[in-house]
Amino acid sequence: QVQLVESGGDLVQPGGSLRLSCAASGISIKIYAMGWYRQAPGKQRELVARITSGGSTNYADSVKGRFTISKDNAKMTVYLQMNSLKPEDTAVYYCHSSWFTDDYWGRGTQVTVSS
């Protein structure tokens, strides 16, 4: 059974930092592409950051220079380091994995940026 379990979401002030974690089981993140998506109220789910099996990364323009995606294959965990957070980063953040036709989602973790 595949599980992606996110953690690390919290309430943080603008300019603050958070690190999200996604613990994977039932798949190998060595071969799956892993990503973080987010969905704000009333908006569509959007890609935030993605890392391939080989370690290549890409980011949404809105988070470039502020967010960093990484993974620890031994710990089967993917991270999203978020710095200089803005109120518009408020959303539920979801972990995603994909490999050919395989496609899995976590349940999400809430990030709220507010003073």
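We now turn to the structure provided with this report. (Residues numbered from 1 in each chain as written. Predicted model: local features only at pLDDT ≥ 70, side-chain atom pairs only at ≥ 80, totals over all residues. Heavy atoms only, no water.)

Examining the state of the cysteines
Here is step 1 of the chain: All chains considered together, the criterion is met by 1 disulfide.
Here is step 2 of the chain: Between the sulfur atoms of Cys22 and its disulfide partner Cys95 the distance amounts to 2.1 Å. Since a negative S-S torsion denotes a left-handed disulfide, the Cys22-Cys95 link at about -80° is left-handed. You can see Cys22 sitting in strand β3 (residues 18-25) and its partner Cys95 sitting in strand β9 (residues 91-99), a full 73 residues away along the chain.
Here is step 3 of the chain: Using a relative accessible area of 0% as the deciding quantity, one classes Cys22 as buried.
Here is step 4 of the chain: Accessibility expressed as a relative area gives 0% for Cys95, which makes it buried. (Disulfide = S-S within 2.5 Å. Helix = DSSP H or I, 4+ residues; strand = E, 2+ residues; numbered from the N terminus. Buried < 20%, exposed > 50% of the residue type's maximum accessible area, 1.4 Å probe, protein only.)

What about the sheet that holds strand β1 (residues 3-7)?
Here is step 1 of the chain: Read from one edge of the open sheet, 4 strands run β1-β3-β8-β7, paired in antiparallel fashion. Each of the sheet's edge strands pairs with one partner strand only, and the pair in question is β1 and β7 (67-72). Between one strand axis and the next, the sheet turns by 15° as a mean value, whatever way the strands run.
Here is step 2 of the chain: Strand direction decides the pairing type here: β7 and strand β8 (residues 77-82), joined by 6 bridges, are antiparallel. By the bridge assignment for β8, Phe67 is matched with Met82. (Pairing = 2+ DSSP bridges. Axes fitted to C-alpha atoms, helices over the stretch in contact; angles between N-to-C directions.)

So, unusual backbone geometry
Glycine aside, a negative phi is what most residues show, and trans is what most peptide bonds show.
Here is step 1 of the chain: Notably, Met76 is not glycine yet its phi reads approximately 55°, a positive angle.
Here is step 2 of the chain: Positioned with a positive phi, Ser84 is a non-glycine residue whose angle comes to about 50°.
Here is step 3 of the chain: Here Ser84 shows up in the loop between β8 and β9.

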